[in-house]
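Inside the fold
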Amino acid sequence: MLSSEKVTLRPATKADAPLFYSVIDQTMREFIIATWGAWNEERVQQESLEDSTSPNAQVIQVGNIPVGVILVEREPTHIQVKQIYLLPEYQRKGIGRYLITGIIAEATNSNLPVRLHVLKVNSAKKFYEKLGFIVTETSDEFYFMARMTT
């Protein structure tokens, strides 16, 4: 992980909508096109605005630099990771592992599974499998994964 600077989370606001858009554009555009055949600019802009105003959305920061977004919903029966996207230059530095490991610890303390889904064309599935997630269901587009408490 980035040793010299601390990874923190802060609540997202409407002003973060451009960050949500940018990180999705930079990390997911090719997967979205590969899955659905097109990039719907208007839809991504609208979803970025909606996601940035969710009470469950947070901005991932390294020091004071926004480097990604995370959206986690805490349900009575499970913790759902809806989004975790890091700008490309901050990927493969241990940030995602650090954040997901923290969510796993929270879930373990609450005796709840962690759930998420990954586009089939996205290699992130391997990342989650290394953290103990298993595929529980599939659709044409997604792997639905869960990590049960141990």
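The structure contained in this document is the topic of the report that follows.

How each quantity is defined
- Residues numbered from 1 in each chain as written.
- Predicted model: local features only at pLDDT ≥ 70, side-chain atom pairs only at ≥ 80, totals over all residues.
- Heavy atoms only, no water.
- Helix = DSSP H or I, 4+ residues; strand = E, 2+ residues; numbered from the N terminus.
- Buried < 20%, exposed > 50% of the residue type's maximum accessible area, 1.4 Å probe, protein only.
- Contact = heavy atoms within 4.5 Å.
- Pairing = 2+ DSSP bridges.
- Axes fitted to C-alpha atoms, helices over the stretch in contact; angles between N-to-C directions.
- Expected span 1.5 Å × (residues − 1).
- Arc of directions from axis to C-beta.
- Parallel < 35°, antiparallel > 145°, perpendicular 65-115°, else oblique.
- Left-handed = near helix turned anticlockwise from the far one by under 90°.
- Nonpolar A, V, L, I, M, F, W, Y, C, P; charged D, E, K, R; others polar.
- Salt bridge = Lys/Arg side-chain N within 4 Å of Asp/Glu carboxyl O.

Right, let's get into the environment of Ala146. Topologically, Ala146 is positioned in strand E7 (residues 142–147). Owing to a relative accessible area of 2%, Ala146 belongs among the buried residues under this scheme. In sequence terms Ala146 and Val81 are 65 residues apart; their C-alpha atoms lie 9.9 Å from each other. Apart from residues lying up to four places away in sequence, Ala146 is in contact with Val114, Arg115, Gly132, Phe133, Ile134 and Thr136.

Let us look at the sheet that holds strand E3 (residues 65–74). If you walk across this open sheet you meet the 7 strands as E1-E2-E3-E4-E5-E7-E6, and the pairing is mixed. Each edge of the sheet is formed by a strand with only one pairing partner; in this case those strands are strand E1 (7–11) and strand E6 (134–138). For this sheet the average axis-to-axis angle between neighbouring strands, irrespective of direction, equals 30 degrees. Sitting on the sheet, helix H1 (residues 17–36) touches strand E2 (57–62), E3, strand E4 (79–86), strand E5 (114–119) and E7, and the angle it makes with E4 is about 100 degrees.

As a further point, take the side chain of Asp16. Summarising the element assignment, Asp16 is placed in the loop between E1 and H1. On the accessibility criterion, Asp16 (8% relative accessible area) is buried. Aside from chain neighbours lying at most four places away, what touches Asp16 is Arg10, Pro11, Ser52 and Val59.

Glancing now at the environment of Met145. Position of Met145 among the secondary structure elements: in strand E7. Exposure remark for Met145: the relative accessible area of 1% places this residue in the buried category. Sequence spacing of Met145 and Thr8 is 137 residues, and the spatial spacing of their C-alpha atoms is 25 Å. With sequence-adjacent residues up to four places away left out, Met145 is seen in contact with Val114, Arg115, Leu116, Val118, Lys125, Tyr128, Glu129, Phe133, Ile134, Val135 and Thr136.

Take helix H2 (residues 41–52) next. Under the 1.5 Å per step criterion, the end-to-end length of H2 is 16 Å for 12 residues, consistent within 8% with the ideal 16 Å. Along H2, the residues classified as buried are Val44, Ser48, Asp51 and Ser52. Buried residues of H2, seen end-on, are gathered within an arc of 95 degrees and therefore sit on one face of the element. Those residues of H2 that are exposed and aimed more than 90 degrees away from the buried face are Glu42 and Arg43. Summarising the contacts, the buried residues of H2 are in contact with H1, E2, E3 and E4.

The N-to-C vectors of H1 and H2 enclose an angle of 130 degrees; their axes lie 8 Å apart at closest approach. It follows from the interaxial angle that H1 and H2 lie oblique. You can see that H1 and H2 cross each other, and the crossing is right-handed. Residues Ala17, Phe20, Tyr21, Ile24 and Arg29 of H1 touch H2, and the partners they reach there are Glu41, Val44, Gln45, Ser48, Leu49, Asp51 and Ser52. Of the residues belonging to the contact of H1 with H2, the class tally is 6 nonpolar, 3 polar and 3 charged.

This part covers the pattern of salt bridges. In this structure the tally under the stated criterion is 6 salt bridges. We note a salt bridge from Asp25 to Arg29, for which the minimum N-O separation is 2.6 Å. Separated by 4 residues within a single helix, Asp25 and Arg29 lie in helix H1, roughly one turn from each other. Residue classification places Asp25 among the partly exposed positions, given a relative accessible area of 24%.

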